[in-house]
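Next come the chains, spelled out residue by residue.
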Amino acid sequence: AQKVTQAQTEISVVEKEDVTLDCVYETRDTTYYLFWYKQPPSGELVFLIRRNSFDEQNEISGRYSWNFQKSTSSFNFTITASQVVDSAVYFCALSEVQGGKLIFGQGTELSVKP
Amino acid sequence: EAGVAQSPRYKIIEKRQSVAFWCNPISGHATLYWYQQILGQGPKLLIQFQNNGVVDDSQLPKDRFSAERLKGVDSTLKIQPAKLEDSAVYLCASSLAHNEQFFGPGTRLTVL
């Protein structure tokens, strides 16, 4: 069965701190896709990144970085030097079929205080 | 490029009433998804369309929910009759084949 677990329900940091959001997934497929989405208070889900199971290279985009480790079935997300605008709910998701349904975790609510 | 459009943004109804939500995907996106997001949870897929055909509706409560995508563009999701547990945000998303999904702003449904 497919499952995504985000154990951290809420995280609160002070601006400029680094923060890591954890994501652990379960799947029996050898080919799958992992995603991170951001949901600000406005409610719209914003796509951040997609990785396929064959690409374990870590990725950095500005203050955002992602660490994909197949050995531990984890796809963690780090925000460096957090800012108040980073406050949102972040969702990790799994898809076993390219273009198929997304299976979301419960989400982690990040609060960045000035 | 215009994003995914949804209407209405908010809807309040009483239980046993009917309600319909509308979604207009990004132009050219063949795949359209409807997700249900209950407060405090991640979105859950209700139905996926490829053009005007259904790809996956395994989690759609078919006794009360229905959806259609006429002409492979706009889509409508209907609930009849609504129950209290249907209170949620209904998100529509679209994608080009095999690419990431882009989400609309959602419709927040409250069933009293």
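Just so you know, the residues in each chain are numbered from 1, in the order the chain's sequence is written. Numbering of ligands from 1 and lettering of chains from A proceed in the order in which they are written. The model is predicted, so local features are restricted to residues of pLDDT at least 70 and side-chain atom pairs to those at 80 or more, both for listing and for counting; the totals for chains, interfaces and linings are taken over all residues. Water and hydrogen atoms were dropped before computing side-chain values, which therefore reflect all heavy atoms in the structure.

(A) Representation of the interface of chain B and chain A within the structure. The criterion used for residue contact is that any of the two residues' heavy atoms lie within 4.5 Å. The interface of chain B with chain A comprises 21 residues on the first partner and 17 residues on the second. Of the roughly 1600 Å² buried between chain B and chain A, counting both surfaces, carbon and sulfur atoms make up 48%. Note on definitions: salt bridges are taken to be side-chain nitrogens of Lys or Arg within 4 Å of carboxyl oxygens of Asp or Glu. Linking chain B with chain A are zero salt bridges, by the criterion used here. Any N or O atom pair separated by 3.5 Å or less is treated as a polar contact, with the protein-specific requirement of one donor-capable and one acceptor-capable atom, and with residues adjacent in sequence counted only for side-chain atom pairs. Connecting chain B to chain A are four residue pairs in polar contact (both at pLDDT 80 or more). Those elements that provide at least two residues to the side of chain B that touches chain A are strand E4 (31–37) and strand E5 (44–50) of chain B. Per-element accounting of the side of chain B that touches chain A gives the leading share, four residues, to E4 of chain B. Grouping the amino acids of the side of chain B that touches chain A by side-chain chemistry returns seven nonpolar, 11 polar and three charged. Buried surface area refers to the total accessible area, computed with a probe of radius 1.4 Å, that the two partners give up upon joining, counted for both partners together. Runs of E in the DSSP output that reach at least two residues are strands. Runs of H or I that reach at least four are helices, and both are numbered from the N terminus. In this classification, Asp, Glu, Lys and Arg are treated as charged, Ala, Val, Leu, Ile, Met, Phe, Trp, Tyr, Cys and Pro as nonpolar, and every other residue, Gly included, as polar.

(B) Local environment of the pattern of salt bridges. Following the criterion strictly, the structure yields five salt bridges over all chains and no others. For arginine 51 of chain A, the salt bridge goes to glutamate 59 of chain A, with nearest N and O atoms at 3.2 Å. The exposure class of arginine 51 of chain A is buried, given its relative accessible area of 4%. The salt bridge involving aspartate 57 of chain B is made with lysine 62 of chain B; its shortest N-O contact spans 3.8 Å. You can call aspartate 57 of chain B partly exposed: its relative accessible area is 26%. What emerges from the salt-bridge pattern is a single network uniting Arg51, Asp55 and Glu59 of chain A. The classification of residues rests on relative accessible area computed with a 1.4 Å probe and restricted to protein chains. Under 20% of the type maximum is buried, over 50% is exposed, and intermediate values are partly exposed.

(C) A look at the sheet that holds strand E1 (residues 5–7) of chain B. Residues and elements named next belong to chain B. For two strands to be treated as a pair, DSSP must find at least two bridges joining them. Reading across from one edge, E1-E3-E8-E7 is the order of the four strands in this open sheet, with antiparallel pairing throughout. Pairing within the sheet leaves two strands with one partner each, and these edge strands are E1 and strand E7 (65–68). Direction aside, neighbouring strands of the sheet carry axes that sit 15° apart on average. Relative to strand E3 (residues 19–24), E1 is paired through three bridges, and the arrangement is antiparallel. In the strand pairing of E3, serine 7 is matched with tryptophan 22. Every axis corresponds to a line fitted to the C-alpha atoms, with the helix fit spanning only the stretch in contact, and the corresponding angles, defined between N-to-C directions, vary from 0 to 180 degrees.

(D) Fine view of the environment of lysine 113 of chain A. Residue and element names in this part refer to chain A. Relative to the helices and strands, lysine 113 resides in strand E12 (residues 108–113). Lysine 113 sits in the partly exposed class, given a relative accessible area of 43%. Each C-alpha atom of the pair lysine 113 and valine 13 lies 6.3 Å from the other, and the pair is 100 residues apart in sequence. If we ignore the near neighbours within four places in the chain, the residues touching lysine 113 are Ser12, Val13, Val14, Glu15 and Val84.

(E) Seen up close, the pairing of strand E9 (residues 88–95) of chain B. Residue and element names in this part refer to chain B. Most of E9 is tucked away: eight of the eight residues are buried. Burial along E9 is two-sided: Ala88, Tyr90, Cys92 and Ser94 facing one way and Val89, Leu91, Ala93 and Ser95 facing the other are all buried. Summarising the sheet, E4 and E9 pair through seven bridges and their orientation is antiparallel. What sits directly across from tryptophan 34, in E9, is cysteine 92. Relative to strand E11 (residues 107–111), E9 runs antiparallel, the two being bridged by three bridges. Its bridge partner lying in E11, tyrosine 90 is registered against threonine 107.

(F) Quick look at the state of the cysteines. In plain terms, two cysteine sulfur atoms within 2.5 Å form what is called a disulfide here. Evaluation of the coordinates by the stated rule reveals two disulfides over all chains. The disulfide partner of cysteine 23 of chain A is cysteine 92 of chain A, and the S-S distance across this bridge is 2.0 Å. Measuring handedness by torsion sign, the sulfur bridge of cysteine 23 of chain A and cysteine 92 of chain A sits at about -65° and is left-handed. Residue cysteine 23 of chain A is found in the loop between strand E3 (19–21) and strand E4 (24–26), and its partner cysteine 92 of chain A is found in strand E10 (residues 88–95); the two are separated by 69 residues along the sequence. Across the pair, exposure class does not vary: cysteine 23 of chain A and cysteine 92 of chain A are buried alike. Residue pairing for cysteine 23 of chain B: its cysteine sulfur links by disulfide to cysteine 92 of chain B, the two sulfurs lying 1.9 Å apart. Its torsion about the S-S bond being -70°, the disulfide of cysteine 23 of chain B and cysteine 92 of chain B is classed as left-handed. Of the two residues, cysteine 23 of chain B is situated in strand E3 and cysteine 92 of chain B in strand E9; the sequence distance between them amounts to 69 residues. When sorted by exposure, cysteine 23 of chain B lands in the same class as cysteine 92 of chain B, which is buried.

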